[in-house]
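# Survey of secondary and tertiary structure
Below, each chain spelled out in residue letters.
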Amino acid sequence: MKKDSAREFALITLSTLVISVGIYFFKFPNNFTFGGVSGLSVVLGYVTPLSPASVNFVLNALLVVCGFIFLGRSFGVKTVYASFLLSGTVWVLEQLVPMKHPLTDDPMLELVFAVLLPAFGSALLFHSGASSGGTDIVAMILKKYTSVDIGRALFFSDLLITLSSFLVFSIKTALFSFLGLLAKSLIVDSVIENINLNKYFNVICSEPKPILEYIVKKLNRSATVCDAVGAYSHHHKYIIFTVMNRSQAAQLRRYIRSVEPEAFLLICNTSEIIGRGFHSE
């Protein structure tokens, strides 16, 4: 149990560091404001004496305090850890590697990394059951105390932060920020779906026993089997239902072909599985 917990926090740490690099080295220097606390920090850092990194630290700290006040024990330890780690890392980077201007003179290249790194890190965090705090804490509070559509509320809040860049920065910067907002939502969903991707098998066969034994004993998975009758041949058949990760799916496919070449296989991609042994609601 401790080993799993250590591995989980190691993944959260790595994910948060990836987000920090994307925010500090690519988002802040270019004044990209596509949503979230880091986007708001860019705007406030421009109109106040504080740097974006300092504003980011203060805002995240305030939101964590609000989380403890309004959510109590339901406020996840992982989110608190990731939130403080993110804010602290960005602040430390500011002290160690001051950024007076962007790394390159290509804003489109910078935008790619400003979107890709935080989106990839956020997807890994969500997969670990954590988040980097920020507006996610606001979402948790809204979910507990109101009937507001959380996804829509967060999208519009991110949109408002992004649109504020039209008032503060140049049109070019604002348009890049708006493009980043659109790309961010697509990338996070895509990464999460690929991380969770599994293979769903329907195996129609005559001899289910060796296949079931392989699934249970070799792959350490389970399956469901039921009787069936061929519509054309009227022969008695069995249908095996099971779900595997991609590596196990390749092994099972090869094994079935070796023991029963006439078996009929339907294999589908699935990224949302609710049940013991997989993900739970």
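Our subject is the structure that appears above.
None of the values given here were measured: they were computed from a predicted structure. (Residues numbered from 1 in each chain as written. Predicted model: local features only at pLDDT ≥ 70, side-chain atom pairs only at ≥ 80, totals over all residues. Heavy atoms only, no water.)

Our next topic: the overall build of the protein chain. Helix and strand content of the protein chain: 10 helices and 4 strands. Along the protein chain, helices (α) and strands (β) appear in the sequence α-α-α-α-α-α-α-α-β-α-β-β-α-β when read from the amino end. Burial statistics for the protein chain: of 281 residues in total, 41% are counted as buried. Contacts spanning at least 24 positions in sequence make up 72% of the contacts within the protein chain whose residues lie at least 6 apart. Surface summary for the protein chain: the accessible area is close to 15,800 Å², and the carbon and sulfur share equals 64%. (Helix = DSSP H or I, 4+ residues; strand = E, 2+ residues; numbered from the N terminus. Buried < 20%, exposed > 50% of the residue type's maximum accessible area, 1.4 Å probe, protein only. Contact = heavy atoms within 4.5 Å. Areas by Shrake-Rupley, 256 points an atom, 1.4 Å probe, with all protein chains shown as cover.)

There is a patch of nonpolar side chains on the surface, built from Phe57, Val58, Leu62, Trp91, Val92, Leu96 and Val97 and spanning about 630 Å² of accessible area. Listing elements by their share of the nonpolar patch, those giving two or more residues are helix 3 (52-71) and helix 4 (77-96). Structurally, valine 58 is set in helix 3. (Patch = residues over 30% accessible without salt bridge, like charges linked within 9 Å, V, L, I, M, F, W, Y side chains within 5 Å. Salt bridge = Lys/Arg side-chain N within 4 Å of Asp/Glu carboxyl O.)

Our next topic: the packing of helix 3 against helix 4. It is at 9 Å that the axes of helix 3 and helix 4 come closest, and there the two elements cross at 165°. Taken together, helix 3 and helix 4 sit at an angle that is classed as roughly antiparallel. Classified by chirality, the crossing of helix 4 by helix 3 is left-handed. Residues Ala53, Ser54, Asn56, Phe57, Asn60, Ala61, Val64 and Phe68 of helix 3 lie in contact with helix 4, whose contacting residues are Val80, Ser83, Phe84, Ser87, Gly88, Val90, Trp91 and Glu94. Among the residues making up the contact of helix 3 with helix 4, the classes are represented as 9 nonpolar, 6 polar and 1 charged. (Axes fitted to C-alpha atoms, helices over the stretch in contact; angles between N-to-C directions. Parallel < 35°, antiparallel > 145°, perpendicular 65-115°, else oblique. Left-handed = near helix turned anticlockwise from the far one by under 90°. Nonpolar A, V, L, I, M, F, W, Y, C, P; charged D, E, K, R; others polar.)

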